[in-house]
Amino acid sequence: RFLCVTGVQTCALPISALASLLAPTAEAASPRDRGLMLASTPAGDSGATAHPVHEYWVSEKLDGVRARWDGRRLWTRGGLPVEAPAWFTAGWPDHPMDGELWMGRGRFEATSSLVRNPPEDGSAWRALRFLVFDLPGHGGRFGERVQAMRALAGPDAPPWLRPVAQSRVAD
């Protein structure tokens, strides 16, 4: 499955269903209006393609724990604080990031357990990454946000803070 982002909407679909997505280049909502993006299936899917598929950004839908960094603290999708060790978030940007706490494919249970019941010493967090798939406060179109997310992986960034790989679909 892949997560497809159109600027203000996302959908989680098999790659074969990409042709039925909604408006791919919609203007971004203002930062104050943009909440957490949620994956969904396009309503009223008739199989017709309203926009060229090459206008979509696509990323793998990760099976981790959804989290949001508010610039100071990490939160779950449900609004609960994540008790990450201070070293894990040290040096992170002071602006909001939407992403996934992830250990790898097939590791959802281990990831969820770690986030819900963090160990005292924090060593298990070394296996975890925060993979960013949006910058809610950025204000630009999604393509501009992709470029800003890619800049997160600079030489001074911790290796566990990375953008989700985003690409365009040719056909």
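Residues numbered from 1 in each chain as written. Predicted model: local features only at pLDDT ≥ 70, side-chain atom pairs only at ≥ 80, totals over all residues. Heavy atoms only, no water.

**So, the overall build of the protein**
Here is step 1 of the chain: Helix and strand counts for the protein stand at 3 helices and 9 strands.
Here is step 2 of the chain: Along the protein, helices and strands appear, N-terminal first, in the series β-β-β-β-β-α-β-α-β-α-β-β.
Here is step 3 of the chain: Per-residue burial for the protein yields a buried fraction of 42% across its 171 residues.
Here is step 4 of the chain: Counting contacts in the protein only where the partners sit at least 6 residues apart, residues at least 24 apart contribute 70% of the total.
Here is step 5 of the chain: Accessible surface, the protein as shown: approximately 8,900 Å² in total, 52% of it carbon and sulfur. (Helix = DSSP H or I, 4+ residues; strand = E, 2+ residues; numbered from the N terminus. Buried < 20%, exposed > 50% of the residue type's maximum accessible area, 1.4 Å probe, protein only. Contact = heavy atoms within 4.5 Å. Areas by Shrake-Rupley, 256 points an atom, 1.4 Å probe, with all protein chains shown as cover.)

**What about helix H3 (residues 142-150)?**
Here is step 1 of the chain: Of all the residues in H3, the buried ones are Phe-142, Arg-145, Val-146 and Met-149. Projected onto a plane normal to the axis of H3, the buried residues spread over an arc of 105° and lie on a single side. (Arc of directions from axis to C-beta.)

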